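In case you want the letters, here they are:
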Amino acid sequence: MKYPTLVILIVGIAAIVAAGCTATSPATPQNATALPSGTVLVAIRPDITHYTVFMSSAPGIGLSPNITGPPPSGNLTYVWKTDYGHFLGWSTPDYTVRELGTTVTGNVTKVYWTYDGTNTSVSRPPVHITLDVIDPASGATLGNAEQTIGWDANGMAVIG
């Protein structure tokens, strides 16, 4: 009788641990805004929808621009901003995590959002992340997007 109980306990613990490392992303970004002619439609696409600093599978919520429309040829400038937490860089060739701050400007097409997880008793505010896409030749803003991160009852960041 003790063996089936042990198996159920192990399976239950594995299910709880796996639930914290979900890596699903929305099929369609929900934060796109229609813009006037001559601009592009910009959305922020998250890699995962749930995150806590205690996850070892990612340094944060990976965020990438999703651009629809005819952007001008050449490099675009991206301006990422957050009002809570900060951005990290994590990319080839060495996959070293780099602190980027609360505002990131340049041709950075992917950032990771994270937060300070040391004080777990503090209530965290909703997080607002914005992305402006700029034509560096003219300085004109081609489009922008916003994304909000909330918090579930267990203190996990939830986006989308």
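Scroll up for the structure.
The present account deals with the structure reproduced in this document. (Residues numbered from 1 in each chain as written. Predicted model: local features only at pLDDT ≥ 70, side-chain atom pairs only at ≥ 80, totals over all residues. Heavy atoms only, no water.)

### Here's the deal with the packing of aromatic side chains
Inference 1: One pass over the structure, following the stated rule, counts 8 aromatic pairs.
Inference 2: For the pair Trp 90 and Tyr 95, a centre-to-centre distance of 5.8 Å together with 75 degrees between the ring planes defines the contact as edge-to-face.
Inference 3: Classification of Trp 90 by relative accessible area gives partly exposed; the value is 29%.
Inference 4: An aromatic cluster is present here, built from Tyr 51, Tyr 84, Trp 113, Tyr 115 and Trp 151 joined pairwise through their rings.
Inference 5: One Lys or Arg, Arg 124, reaches over the ring of Trp 151 and ends 5.3 Å from the middle of that ring. (Phe/Tyr/Trp six-rings, centres within 6.5 Å; stacked < 30°, edge-to-face > 60°. Buried < 20%, exposed > 50% of the residue type's maximum accessible area, 1.4 Å probe, protein only. Lys NZ or Arg CZ within 6 Å of the ring centre and 35° of its normal.)

### As for the pairing of strand β8 (residues 111-114)
Inference 1: Burial of the side chains of β8 extends over both faces: Val 111 and Trp 113 are buried on one face and Tyr 112 and Thr 114 on the other.
Inference 2: Of the pairings in the sheet, the one linking strand β3 (residues 61-68) to β8 comprises 3 bridges and is antiparallel in character. Of the residues in β8, the one forming a bridge with Gly 62 is Tyr 112.
Inference 3: Sheet topology note: the strand β5 (residues 86-89)/β8 ladder contains 3 bridges and is antiparallel. Across the sheet, residue Leu 88 finds its bridge partner in β8, namely Tyr 112. (Helix = DSSP H or I, 4+ residues; strand = E, 2+ residues; numbered from the N terminus. Pairing = 2+ DSSP bridges.)

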